[in-house]
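Overview (structure and organization)
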Amino acid sequence: MLHIPVMGRVIAIANQKGGVGKTTTSVNLPSALALLGAKVLVIDIDSQGNATSGLGVDKHGLEATLYDVFTGVFSLSSVIVGTEQEGVWVAPANNDLVGVDIELSEKAGRETILRRELEKLKNQFDYIFIDCPPSLNLLTINALVAADRLLVPLQCEYYALEGISALMQTVKLARQNLNANLGLEGVLLTMYDSRTNLARQVGSEARAFFGHSVFDTVIPRNVRLSESPSFGKPIFLYDEESAGAKAYLALAEEMKARELERHSSEEGAVEEEEKLVANTKF
Ligand SMILES: Nc1ncnc2c1ncn2[C@@H]1O[C@H](COP(=O)(O)OP(=O)(O)O)[C@@H](O)[C@H]1O
Ligand SMILES: [Mg+2]
């Protein structure tokens, strides 16, 4: 198979709504990619630190976290810790991040802290994922500035698309003001229950709206996925036979297949995404 170098692709996992599967995806998609042989870093920028603990790192006993990176005390590389799974590292966060917005409100260059830190180390990884908080704060802005691409989990429930409009508005502003090159990695349907009309309806609306940018893979509602964080394990170390594990592995494979596809039609893909955001009415 053709090998595509994807060194240091930075993917922000964002949606301004909470509880849509950002953290679950930030833990399990990197884990799946690592199973396929990639070297992956997960950067946790949510003060809840759920990606940190979900990857088995004790968020209370940390010497240094993203807080120290944002406040300039430590470099990003010096806060990274290994996880139980080979190929997966995490730059951890905890409650210390609450209020860092205010602390930095006067600081010049505060939107580009993460990008500058990532530039120093991104080529040491194949993928870098950023688990964003459910709000458009300075930390999310840092992620949108640092990212090459955006992955948007969409929970199949009422009002899902309203959250998306808000996010696409944010992406538009980010492209205009902060990061003209921000691409859309894809929209991921999460907690999908194919037995319900609602899930099917949200799914088809998302596909009508975002077209090919919606991943074919959907993540089903799966109780094993909701249990694994309390064991500090990605789904593959908790129950690799579960429907959730199979779905995240399929997602990783689809992502890689899409990379190949994009590589062979890079210009077409970029144009398609630009059109999508430009034509989005809010
Ligand atoms: N596919 C899924 N099936 C079952 N539970 C899920 C699934 N995805 C997420 N959850 C659960 O839903 C809640 C919110 O998910 P989470 O990933 O933390 O969302 P976010 O980071 O967007 O706030 C968590 O309790 C999580 O365990
Ligand atoms: Mg989260």
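My aim in this report is to walk through the structure given alongside it, one point at a time. (Residues numbered from 1 in each chain as written. Chains lettered and ligands numbered in written order. Predicted model: local features only at pLDDT ≥ 70, side-chain atom pairs only at ≥ 80, totals over all residues. Heavy atoms only, no water.)

This part takes up the overall build of the protein chain. Each helix and strand in the protein chain was counted, giving 13 helices and 7 strands. Relative to the 2.2 N^0.38 estimate, which gives 19 Å for 282 residues, the radius of gyration of the protein chain is 18 Å and therefore close to what a compact globule would have. When burial is assessed residue by residue, the protein chain has 52% of its 282 residues classed as buried. Considering only intrachain contacts with a sequence separation of at least 6, the fraction spanning at least 24 residues in the protein chain is 79%. Here the protein chain displays about 12,600 Å² of accessible surface, and carbon together with sulfur accounts for 51% of that area. (Helix = DSSP H or I, 4+ residues; strand = E, 2+ residues; numbered from the N terminus. Rg over C-alpha atoms; globule rule 2.2 N^0.38 Å. Buried < 20%, exposed > 50% of the residue type's maximum accessible area, 1.4 Å probe, protein only. Contact = heavy atoms within 4.5 Å. Areas by Shrake-Rupley, 256 points an atom, 1.4 Å probe, with all protein chains shown as cover.)

What follows is about the packing of aromatic side chains. The full count for this structure, using the stated rule, is 4 aromatic pairs. Ring centres of Phe209 and Phe210 lie 4.6 Å apart, and the angle between their planes is 85°; this geometry places the pair in the edge-to-face category. Residue Phe210 is classed as buried on the basis of its relative accessible area, which comes to 3%. The positively charged end of Lys39 is found above the aromatic ring belonging to Trp89, 5.5 Å away from the centroid. One residue, Lys39, lies across the ring of Phe125, its end atom 5.5 Å from the ring centre. (Phe/Tyr/Trp six-rings, centres within 6.5 Å; stacked < 30°, edge-to-face > 60°. Lys NZ or Arg CZ within 6 Å of the ring centre and 35° of its normal.)

As a further point, take the site of ligand 1. The environment of ligand 1 is made up of 14 residues, and the closest members are Gly19, Thr23, Thr24, Pro220 and Asn222. Contact between ligand 1 and Thr23: an oxygen atom at 2.8 Å from a main-chain N or O atom of the residue. Within the backbone of Asn222, an N or O atom sits 2.9 Å from a nitrogen atom of ligand 1. Protein chains bury 77% of the 560 Å² of accessible surface belonging to ligand 1 in isolation. Elements that contribute at least two residues to the shell around ligand 1 include exactly α1 (22–35) and α10 (223–227). Among the elements that make up the shell around ligand 1, the one with the highest residue count is α1 (3 residues). (Near = heavy atom within 4 Å. Polar contact = N/O pair within 3.5 Å; in protein donor to acceptor, adjacent residues only side chain to side chain.)

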